[in-house]
Amino acid sequence: MLGRTIFIDPGRCIGCQACVSACRECDSHRGKSMIHLDYPDEGHTVASLPTVCMHCEDPVAPCAEVCPADAILITADGVVQEADPTRCIGCANCVNACPFGVPKIDLDAKLQMKCNLCYDRTSYGLAPMCATVCPTGALFYGTVEELQAERPGVDVSTMFAFGATTVSTGVAMVVPSDRRTPVPGGMLNLIEVNGRPTPGNGAEA
């Protein structure tokens, strides 16, 4: 059963970027936003979608699994932390491993940066900055019971399908109540690993 976490309700997002601005105010990465506002079909629709770290549970945090420096730690309650700046070597393995495209590399600092669920707040029972300021509830922080009490008829999914692979996450997506199958995540093109191109993307035969 899901505990207190973020629920993403894409149908409510209006693209106001309040979440992006609020994230910049977080003390652990002040001045930089760890949330991305994506436009899935830009030029054809105004639809937008907030992208936060999904805190993968199964497989456990692919970003952490491929980190050669053990810079990405996972808390006892399943929050996947951003890279420890004293250990991160900026190799971008985590960027390529994440099926959701969340981690980014600060090229100047040679450091990975990503959402850590505002752990300085959530570990004390406070909501993340993004969910605190979202005017429409597209980012909801609480339990699934609290969400369903406020929004009768909705269900949530923590399963996302990437081709033949299904990823289970600690952050949930709001879906119609009759949607029981994993949310399609698409197929991400793996461009390079450890700085070397993969087959079909420039690798030597």
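- Looking at an unreviewed UniProt entry, one finds the protein chain named 4Fe-4S ferredoxin and attributed to Kitasatospora cheerisanensis KCTC 2395.

Some remarks on the overall build of the protein chain
Link 1 in the chain: Along the backbone of the protein chain there are 6 helices and 12 strands.
Link 2 in the chain: A buried classification covers 45% of the 205 residues belonging to the protein chain.
Link 3 in the chain: A fraction of 54% describes how many contacts in the protein chain between residues 6 or more apart in sequence connect residues 24 or more apart.
Link 4 in the chain: Counting only carbon and sulfur atoms, one obtains 54% of the accessible surface of the protein chain, whose full area is about 11,000 Å².

Here we look at the confidence of the model for the protein chain
Do not read the predicted coordinates in detail wherever pLDDT is low.
Link 1 in the chain: Of all residues in the protein chain, 86% attain a pLDDT of 70 or more, and the chain-wide mean is 85.
Link 2 in the chain: Summarising per-element confidence for the protein chain, the mean pLDDT is lowest in strand 11 (residues 192-193) (40) and highest in strand 7 (residues 139-142) (96).
Link 3 in the chain: This stretch, residues 186-196, has a pLDDT under 50; its non-local contacts, to residues over four places away or in other chains, come to 24 contacts.

Topic: the packing of aromatic side chains
Note on aromatic pairs: each is described by the distance of the centres and the angle between the planes.
Link 1 in the chain: Following the criterion strictly, the structure yields 3 aromatic pairs and no others.
Link 2 in the chain: Each ring, one from F100 and one from F160, has its centre 5.3 Å from the other, and the planes form 90°; the classification is edge-to-face. Pair noted here: F100 is in the loop between helix 3 (93-97) and strand 5 (104-106) and F160 is in strand 8 (residues 154-162), with a separation of 60 residues, a long-range link.
Link 3 in the chain: Three or more aromatic residues joined by ring pairs make a cluster, and in this case those are F100, F160 and F162.

Points about the pattern of salt bridges
Link 1 in the chain: Following the criterion strictly, the structure yields 6 salt bridges and no others.
Link 2 in the chain: Residues D9 and R12 are paired through a salt bridge, measuring 3.3 Å at the closest nitrogen-oxygen approach.
Link 3 in the chain: Residue R12 is classed as partly exposed on the basis of its relative accessible area of 34%.
Link 4 in the chain: Overlapping salt bridges bring together D9, R12, E150 and R151 as one network.

Looking at the pairing of strand 1 (residues 5-8)
Link 1 in the chain: Of the pairings in the sheet, the one linking strand 1 to strand 7 comprises 4 bridges and is antiparallel in character. Its bridge partner being in strand 7, I6 is matched across the sheet by Y141.

Comments concerning the nonpolar core
Link 1 in the chain: Membership of the largest hydrophobic core comes to 32 residues, with the highest contact counts inside it found for I6, I8, I35, F100 and L139.
Link 2 in the chain: Considering every element that reaches this core, the biggest residue donor is strand 9 (residues 165-176), with 4 residues.
Link 3 in the chain: Counting residues domain by domain, this core receives three or more from each of domain 1 (1-52 + 118-205) and domain 2 (55-114).
Link 4 in the chain: If you look at the next biggest cluster of nonpolar residues, it comprises 12 residues, including A61, A69, C88 and L111.

Let's talk about the environment of A64
Link 1 in the chain: Its place among the elements puts A64 in helix 2 (residues 62-65).
Link 2 in the chain: In this structure A64 comes out as buried when scored by relative accessible area, which is 15%.
Link 3 in the chain: Spatially, the C-alpha atom of A64 lies 9.1 Å from that of Q81, the residues being 17 residues apart in sequence.
Link 4 in the chain: Among residues more than four places away in sequence, those in contact with A64 are I72 and I74.

Notes on the state of the cysteines
Here is the idea: a disulfide is a covalent bond, and it sits between the sulfur atoms of two cysteines.
Link 1 in the chain: Counted under the stated rule, the structure contains 0 disulfides.
Link 2 in the chain: The thiol of C26 is not disulfide-bonded; the next cysteine sulfur, from C118, is found 4.1 Å away.
Link 3 in the chain: In this structure C26 comes out as buried when scored by relative accessible area, which is 2%.
Link 4 in the chain: The cysteine C88 is free of any disulfide, with C94 supplying the nearest cysteine sulfur at 6.4 Å.
Link 5 in the chain: The class of C88 is buried, set by a relative accessible area of 18%.

Thresholds, definitions, all that
Residues numbered from 1 in each chain as written. Predicted model: local features only at pLDDT ≥ 70, side-chain atom pairs only at ≥ 80, totals over all residues. Heavy atoms only, no water. Helix = DSSP H or I, 4+ residues; strand = E, 2+ residues; numbered from the N terminus. Buried < 20%, exposed > 50% of the residue type's maximum accessible area, 1.4 Å probe, protein only. Contact = heavy atoms within 4.5 Å. Areas by Shrake-Rupley, 256 points an atom, 1.4 Å probe, with all protein chains shown as cover. pLDDT = per-residue confidence, 0-100. Phe/Tyr/Trp six-rings, centres within 6.5 Å; stacked < 30°, edge-to-face > 60°. Salt bridge = Lys/Arg side-chain N within 4 Å of Asp/Glu carboxyl O. Pairing = 2+ DSSP bridges. Core = buried A, V, L, I, M, F, W, Y, C linked by side-chain atoms within 4.5 Å. Domains from an automatic or database assignment. Disulfide = S-S within 2.5 Å.

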